[in-house]
Amino acid sequence: MRPIEIFNGVMVCAALAGATLVMGMGRVERADNSASYSESTELRFGTTADGREALLDSTGEAIATGSYKRIVAGSIVARSALGELSEKERIVGVISAGIQDAPDAHRFTGIEQLKGMDETERLIALNPDLIIVSSLSSVPHMRRLREAGIAVFILGDMRGVETFLRDIRQIAVLLGAQKRGDRLANAYRRRMHGIAKLTPARDRKEAIYLSAYGTTMFGGTSGTSYHDVLKFAGLIDAASNHFSGWPQYTPEHVLSMDPEVIVSPHGVPEFVCNHSAMGRLQACANDRAGFVELPASWLEDPSLVMLDVAESVHEAVYGD
């Protein structure tokens with residue numbers, strides 16, 4: 001994978017409020033927010049006030065299942081899963097974030113694109129019967145939408161592969177396509193684990209995820225999709241011994257970890273390796289050979305694209 005809409009790196013600045021770090025000269029302590037997310041991956045069922053079968057969303061709201069015909073995907077995760085699970089004619093709107101570079105962008109040709117879920121008038125004009133989002137805060141006019149007869153389902157915090165698999169199954173249940181969701185989730189998990197198995201534990205290299213916004217550096221480690229991408233790519237997340245979530249790094253933090261591999265968005269290696277101190281990093285040697293650069297929109301997408309990223313990282317580090 002937080003109470004805010006998680007687009008991972010896109011929203012990393014907001015995530016920092018919940019990622020407290022204790023920093024000193026040459027000393028880094030792990031923030032004590034490494035809770036287990038196993039409970040958050042379980043689907044919860046119930047009934048609506050009028051007795052219909054329902055799925056409980058992350059807020060405990062009972063949303064009836066199975067009969068929606070006009071659906072809006074209000075998050076990247078919802079859009080990605082719907083692209084695989086739903087007939088195209090049932091999708092009437094999708095969030096536009098990251099769609100230009102998304103590998104599945106072709107699936108949403110001709111479908112209305114929204115910049116955010118605060119476009120209430122446009123949402124109502126689409127006449128949806130279901131809106132799926134990742135967090136409560138992304139729907140500022142929830143009451144008005146529900147008063148208009150629209151069901152709004154809040155998926156919950158996105159913390160990596162397991163919570164994404166949960167979301168696949170939640171969306172499949174809402175669509176009345178539970179078997180289809182199970183097949184997709186099982187195939188996705190199987191392929192992810194298959195990448196990791198290509199590299200024996202003894203041969204795995206240490207790595208971190210590193211991004212930069214201006215002159216400020218951020219990471220993504222335990223409890224995030226970045227950590228899972230590194231793990232399933234057959235790497236050891238060097239940051240997970242010191243941090244969790246979405247930490248802000250100083251040059252001293254990066255130098256203290258000094259991993260063999262740094263996975264980053266395009267442009268970050270130049271910034272890091274031209275720094276007077278960080279140029280000594282292993283990853284900067286041999287013309288920055290230890291860096292794996294990928295499009296920021298791919299790295300910041302905590303949905304099906306994690307599989308493509310894990311495969312790309314594995315190939316870049318270990319070859320075929």
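An account of the accompanying structure is given in this report. From a predicted model like this one, the values you see are computed outputs, not experimental measurements.

Parameters and conventions
- Residues numbered from 1 in each chain as written.
- Predicted model: local features only at pLDDT ≥ 70, side-chain atom pairs only at ≥ 80, totals over all residues.
- Heavy atoms only, no water.
- Salt bridge = Lys/Arg side-chain N within 4 Å of Asp/Glu carboxyl O.
- Helix = DSSP H or I, 4+ residues; strand = E, 2+ residues; numbered from the N terminus.
- Contact = heavy atoms within 4.5 Å.
- Buried < 20%, exposed > 50% of the residue type's maximum accessible area, 1.4 Å probe, protein only.
- Lys, Arg positive; Asp, Glu negative; His and termini not counted.
- Polar contact = N/O pair within 3.5 Å; in protein donor to acceptor, adjacent residues only side chain to side chain.
- Disulfide = S-S within 2.5 Å.
- Expected span 1.5 Å × (residues − 1).
- Arc of directions from axis to C-beta.
- Core = buried A, V, L, I, M, F, W, Y, C linked by side-chain atoms within 4.5 Å.
- Pairing = 2+ DSSP bridges.
- Axes fitted to C-alpha atoms, helices over the stretch in contact; angles between N-to-C directions.
- Parallel < 35°, antiparallel > 145°, perpendicular 65-115°, else oblique.
- Left-handed = near helix turned anticlockwise from the far one by under 90°.
- Nonpolar A, V, L, I, M, F, W, Y, C, P; charged D, E, K, R; others polar.

**Considering the pattern of salt bridges**
Counted by the stated rule, this structure contains 13 salt bridges. Here R144 and E121 are joined by a salt bridge, their closest N and O atoms 2.7 Å apart. Here R144 is found in helix α4 (residues 142–147), whereas its partner E121 is found in helix α3 (residues 120–125), with 23 residues between them in sequence. When the shortest N-O distance is used, the salt bridge between R169 and D182 registers 3.1 Å. Taken together, the residues R169 in helix α5 (residues 161–175) and D182 in helix α6 (residues 178–196) connect sequence positions 13 residues apart. Overlapping salt bridges bring together E87, R90 and R180 as one network.

**Digging into the environment of Y249**
Note on placement: Y249 falls in strand β14 (residues 248–249). Counting along the chain gives 33 residues from Y249 to T216, while the straight-line C-alpha distance between them is 7.6 Å. Excluding anything up to four places from it in sequence, Y249 contacts Y209, L210, M217, F218, G219, A239, F243, V254 and M257.

**With respect to the side chain of R159**
Mapped onto the elements, R159 comes out in the loop between β10 (151–154) and α5. The buried charged residue R159 lacks any salt bridge, with D157 as its nearest oppositely charged partner at 4.4 Å. Only 3.5 Å separates the side chain of R159 from the backbone oxygen of G223, close enough to count as a polar contact.

**What to know about the state of the cysteines**
Applying the stated criterion across every chain, the model contains one disulfide. Between the sulfur of C273 and that of C284 lies a disulfide, 2.0 Å long from S to S. A torsion of -90° about the S-S bond marks the disulfide between C273 and C284 as left-handed. Taken together, the positions of C273 in helix α9 (residues 268–273) and C284 in the loop between α9 and α10 (285–288) put the pair 11 residues apart, joining distant regions of the chain. What makes C273 buried here is its relative accessible area of 13%.

**Quick look at α6**
A rise of 1.5 Å per residue sets the reference length of α6, with its 19 residues, at 27 Å; its end C-alpha atoms lie 27 Å apart and thus fit the reference within 8%. Burial in α6 covers these residues: G181, L184, A185, Y188, M192, I195 and A196. Viewed end-on, α6 has its buried residues packed into an arc of 110°, placing them on one side of the element. Along α6, the residues that are exposed and aim more than 90 degrees away from the buried face are K179, R183 and R190.

**Looking at the nonpolar core**
Residues L130, I132, I171, Y188 and V313 are the most contacted members of the largest nonpolar core, which totals 60 residues. By residue number, the principal contributor to this core is α5, which donates nine residues. Among residues more than four places away in sequence, those in contact with Y188 are V161, F164, L165, S303, L304, M306 and L307. Core analysis: the second largest hydrophobic core is formed by 18 residues, V254, M257, C273 and L281 among them.

**Focus on unusual backbone geometry**
In this structure, N127 takes a positive phi of about 55° despite not being glycine. Relative to the elements of secondary structure, N127 occurs in the loop between α3 and β9 (130–133). With relative accessibility at 53%, the residue N127 sits in the exposed group.

**Points about the sheet that holds strand β3 (residues 44–47)**
Spatial ordering of the open sheet is given by β3-β4-β5, a layout of three strands whose pairing is antiparallel. Both outer strands of the open sheet, β3 and β5 (62–64), are each paired with one neighbouring strand and no more. Each adjacent strand pair in this sheet contributes to an overall mean axis angle of 45°, direction not counted. In the sheet, β3 pairs with strand β4 (residues 53–56) via four bridges, with the strands oriented antiparallel. Paired with R44 across the strands is L56, a residue of β4. Of the strands in this sheet, β3, β4 and β5 touch α5, which is tilted by about 160° from β4.

**Topic: α5**
Think of an α-helix as turning once every 3.6 residues; residues three or four places apart then point the same way. The end-to-end C-alpha separation of α5 is 21 Å, in line with the 21 Å expected for 15 residues at 1.5 Å each. Burial within α5 is extensive, with 13 of its 15 residues counted as buried. G176 sits one or two positions beyond α5 and adopts a positive phi of about 75°.

**Overview of the packing of helix α7 (residues 225–232) against helix α12 (residues 305–318)**
When two helices pack together, their arrangement is given by the angle between their axes and by how far apart the axes lie. One can describe the packing of α7 onto α12 by two numbers: an axis separation of 8 Å at closest approach and a directional angle of 45°. The pairing of α7 with α12 is recorded here as oblique in orientation. In this structure, α7 meets α12 at a crossing whose hand is right-handed. The segment α7 lies against α12, with S225, V229 and F232 engaging M306, V309, A310 and V313. Tallied by class, the residues present in the contact of α7 with α12 amount to six nonpolar, one polar and no charged.

By themselves these figures say nothing about function.
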